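An overview of the molecular structure
For reference, the chains in residue letters:
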Amino acid sequence: MKVSPRLKLPTQTQLVTDDGRTMAVALATLFAAGTLIGTISLLLPHPAEFNDRALWSTLGLAAVGALAVAGFARRLPPWSMHLFVVLGTLLVTRAVYYSNEPSGFYTYLYIWVGLYAFFFFGRFWGTIHMAIVGLAFAWALTQVSLTAPVVRWMMAVGTIAIAGGFVELGTARLRQVATEAELRARALAAVDGVAQDLGMSRTPKEAATGICSAVKTVAEAKGAMLWRITSDDTGLEVVAATDPEIAGTRVLFVGNPSGAVGAFTARRALFYPDAATDPDIDKRLVEHLGVRSALFQPVMREGVPIGVIAVYWAEPVTTLGEVVSQTVTLLAAEAAGAIERAELMERLERAARTDDLTGLPNRRAWDEELLREVARSRRSGAPLCLALIDLDRFKEYNDTHGHQAGDRLLKVAASSWAGQLRDTDLLARYGGDEFALALPDCDLAEAEEMLERLRAATPESERASAGVALWDGRESGIQLFARADAALYDAKEMGRDRIVLA
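Values in this document were obtained by computation on a predicted structure and should not be read as measured data.

Next up on the list: the environment of Gly158. Along the chain, the position of Gly158 falls in helix H5 (residues 149-199). Sequence spacing of Gly158 and Gly134 is 24 residues, and the spatial spacing of their C-alpha atoms is 9.3 Å.

This is the structure in structure tokens:
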């Protein structure tokens with residue numbers, strides 16, 4: 001299975017560096033102990049074997065090699081392990097030569113050399129070591145007179161090569177399965193961590209940005225972006241991206257080819273290994289971002305697509321690995337949940353700051369915004385006027401027409417007054433029939449003119465009174481509000497239907 005640049009399987013060199021050294025020490029130690037015990041147990045009942053030059057010289061050299069491996073394997077570079085395997089081949093060949101029995105039991109030791117080489121070094125280097133074994137065994141066969149030496153050589157070397165090949169295939173498969181399991185565990189842990197971070201997102205924008213960063217990190221991609229449906233439902237728009245330059249990019253549902261639109265409408269992931277030449281992907285983004293391969297994963301909520309996560313790589317990815325695909329799918333599911341939670345939080349936050357009847361900011365929102373307006377005027381030195389306005393004799397109106405009519409009057413008056421204001425002005429319902437108004441960049445004369453327009457726009461021929469104060473450049477927002485409130489009280493005391501300047 002091919003994998004993307006994000007989740008590469010360990011190379012054979014890495015395995016030799018880590019597992020190979022540890023295993024070499026363990027095998028060398030076990031081999032030395034087992035050889036010593038076995039030799040003693042076999043030689044005691046056969047003392048004549050003590051004169052075997054092949055045995056003792058081979059055991060002596062093997063003991064020295066085992067001690068060298070055990071003592072220095074962790075300090076030597078990875079390629080030095082090949083030298084120990086070659087040394088083992090030479091020791092076996094020496095034993096075969098001195099025994100003068102190329103078909104004897106010493107020949108079987110070549111099998112261990114081949115198995116070790118294929119197990120730890122892989123197919124390529126295992127084949128190289130088998131070639132060295134073949135040459136060494138061929139030399140040993142030429143030193144004695146035997147019948148059919150070629151057949152003996154082919155049988156021995158062929159058997160060792162086949163056994164080594166099976167070992168390499170089996171260990172490679174087991175190693176791959178173990179590695180993929182580990183990678184899946186890492187991916188799940190990463191997704192779990194991302195889910196916790198996304199759970200803390202308070203706005204859809206914050207959640208979308210976190211999703212893009214998480215996908216880019218987990219996939220080790222060049223970048224990622226999140227597409228959402230445009231406000232007019234005509235296409236998709238990039239609402240967040242790791243490259244801020246492409247935020248706001250739009251594609252239409254009907255128009256030029258787009259991988260995002262394709263994944264959205266097909267409701268399944270689309271992978272483009274060669275994005276530069278594929279006709280079904282937007283060439284503008286491909287050229288702008290330098291994309292070589294791309295993945296478009298739809299974000300689904302209850303079976304309905306609500307967006308698309310796009311992941312792109314600067315290097316070509318020929319085949320999308322299973323682990324990558326599963327991880328991005330999990331992140332897309334987390335994205336749907338995170339966006340839904342963030343949208344709910346935003347609605348709750350907006351509801352907590354909005355007056356249910358008029359739709360204007362409520363008292364809580366007003367208090368926060370007043371602090372900002374005072375701070376802004378303090379920095380810029382621009383004038384700031386604050387006004388309080390309410391409907392005259394509103395209680396009598398309620399008593400005469402009923403509370404439903406009174407609520408309707410408040411709602412219509414709020415809408416009518418808001419229509420007279422500038423975009424920078426802030427009108428809030430402070431409580432009951434009392435409204436607060438912040439007028440930045442306005443002096444008292446301009447504020448008075450604005451309030452006259454508001455009073456004239458009061459619906460149903462009702463009347464309104466107002467008190468207005470100009471910020472003195474030093475007082476707090478509370479003090480400024482208190483002066484405007486006192487001015488409104490004076491307007492009421494003076495007969496209503498008027499504006500009083502503090």
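Attention now moves to the environment of Pro361. Along the polypeptide, Pro361 turns up in the loop between helix H9 (322-352) and helix H10 (363-380). Once residues within four sequence positions are removed from consideration, Pro361 is found in contact with Arg353, Thr354, Asp355, Leu426, Leu427, Ala428 and Arg429.

What follows covers the pattern of salt bridges. Scanning the model with the defined rule gives 19 salt bridges in all. A salt bridge links Glu368 to Arg364, with the nearest nitrogen and oxygen atoms 3.8 Å apart. In this pair, Glu368 and Arg364 both sit in helix H10, four residues apart, roughly one turn of the helix. According to the relative accessible area criterion, Arg364 is partly exposed, its value standing at 41%. Put simply, Arg353, Arg364, Glu368, Glu369 and Arg372 are held in one network by salt bridges that share partners.

Think of a sheet as strands paired side by side through backbone hydrogen bonds, with each pair either parallel or antiparallel. In spatial order, the strands read E3-E2-E1-E6-E5-E4; together these six strands make up an open sheet with antiparallel pairing. One side of each edge strand has no neighbouring strand; the edge strands of this open sheet are strand E3 (250-252) and strand E4 (270-272). Pairwise comparison of adjacent strand axes, ignoring direction, gives a mean angle of 25° for this sheet. Across six bridges, strand E1 (residues 223-229) lies against strand E6 (residues 304-313) in antiparallel orientation. Looking at the pairing, Trp227 lines up with Val308 of E6.

So, on to the nonpolar core. Side chains that are nonpolar tend, in soluble globular proteins, to be buried together. Of all hydrophobic cores here, the largest spans 28 residues; its most connected members are Trp417, Phe435, Leu437, Leu451 and Leu454. At the level of secondary structure, the elements contributing two or more residues to this core comprise strand E7 (384-391), helix H11 (394-401), helix H12 (403-418), strand E9 (434-440), helix H13 (444-456) and strand E10 (464-470). At six residues, the largest contribution of residues to this core is made by H12. Among all residues touching Trp417, those that are not within four sequence positions of it are Ile389, Leu391, Leu427, Phe435, Leu454, Ala457, Thr458 and Ala464. Counting residues in hydrophobic clusters, the runner-up holds 25 residues, among them Ala219, Val311, Trp313 and Ile339.

Read across the sheet, five strands follow the order E8-E9-E7-E10-E11 without closing on themselves; strand pairing throughout is mixed. If you trace the sheet from one side to the other, it starts and ends with strand E8 (426-431) and strand E11 (499-501), each paired once. Direction aside, the axes of adjacent strands within the sheet are offset by 20° on average. Judged from the seven bridges that link them, E7 and E9 form a sheet pairing that is antiparallel. In the strand pairing of E9, Cys385 is matched with Leu439. Along the sheet, H10 contacts E7, E8 and E9; its crossing angle with E8, the most-contacted strand, is approximately 135°. Packing of helix H14 (residues 477-493) onto the sheet brings it into contact with E7, E8, E9, E10 and E11, and relative to E10 it is tilted by some 145°.

Turning our attention to helix H7 (residues 259-266). Of all eight residues in H7, six are buried; the element is thus mostly enclosed. Of all the positions in H7, only Gly259, Ala260, Val261, Gly262, Ala263 and Phe264 are classed as buried. Each element contacted by the buried residues of H7 is listed here: E1, strand E2 (235-241), E3, E4, strand E5 (293-301) and E6. Among the residues of H7, the N-terminal cap falls to Ser258, whose side-chain oxygen and the backbone nitrogen of Ala260 are separated by 3.3 Å. Note on H7: the residue one or two positions beyond its end, Arg267, has a positive phi of about 60°.

On to the pairing of E5, then. The buried count for E5 comes to seven of nine residues, which makes it a mostly enclosed element. In this sheet, E5 lies alongside E4 in antiparallel orientation, the contact comprising three bridges. Residue pairing in the sheet places Tyr272 in a bridge with Ala294 of E5. The sheet contact formed by E5 and E6 spans nine bridges and is antiparallel. Bridge pairing in E6 places Phe296 opposite Ala310. Taken together, E5 and the strand that follows it, E6, pair antiparallel across an intervening segment of two residues, in which Glu302 is found at a positive phi of about 55°.

It is worth spelling out the confidence of the model for the protein at this point. Per-chain confidence: the protein averages 79 in pLDDT, with 75% of residues scoring 70 or above. For the stretch residues 1-18, pLDDT sits under 50, and the model shows 43 contacts to residues farther than four places along the chain or on other chains.

With that out of the way, let us pick up the packing of aromatic side chains. All chains considered together, the criterion is met by five aromatic pairs. Geometrically, the ring pair formed by Tyr430 and Phe481 is tilted, given 4.7 Å between the ring centres and 35° between the ring planes. With a gap of 51 residues between them, Tyr430 in strand E8 and Phe481 in helix H14 connect regions that are remote in the sequence.

By the element assignment, Leu115 lies in helix H4 (residues 109-142). Separated by 52 residues in sequence, Leu115 and Val167 place their C-alpha atoms 6.7 Å apart. When neighbours within four sequence positions are excluded, Leu115 is seen to be in contact with Ala163, Gly164 and Val167.

Bringing the packing of H11 against H12 into the picture now. Two elements in contact, H11 and H12, have axes separated by 6 Å at closest approach and are oriented at 135°. What the angle tells us is that H11 and H12 run oblique. Only His403, Ala405, Gly406, Leu409 and Leu410 of H12 make contact with H11, whose side of the interface consists of Phe394, Tyr397, Asn398 and His401. Residue classes in the contact of H11 with H12 are distributed as five nonpolar, four polar and no charged.

Criteria and thresholds
Residues numbered from 1 in each chain as written. Predicted model: local features only at pLDDT ≥ 70, side-chain atom pairs only at ≥ 80, totals over all residues. Heavy atoms only, no water. Helix = DSSP H or I, 4+ residues; strand = E, 2+ residues; numbered from the N terminus. Contact = heavy atoms within 4.5 Å. Salt bridge = Lys/Arg side-chain N within 4 Å of Asp/Glu carboxyl O. Buried < 20%, exposed > 50% of the residue type's maximum accessible area, 1.4 Å probe, protein only. Pairing = 2+ DSSP bridges. Axes fitted to C-alpha atoms, helices over the stretch in contact; angles between N-to-C directions. Core = buried A, V, L, I, M, F, W, Y, C linked by side-chain atoms within 4.5 Å. Polar contact = N/O pair within 3.5 Å; in protein donor to acceptor, adjacent residues only side chain to side chain. pLDDT = per-residue confidence, 0-100. Phe/Tyr/Trp six-rings, centres within 6.5 Å; stacked < 30°, edge-to-face > 60°. Parallel < 35°, antiparallel > 145°, perpendicular 65-115°, else oblique. Nonpolar A, V, L, I, M, F, W, Y, C, P; charged D, E, K, R; others polar.

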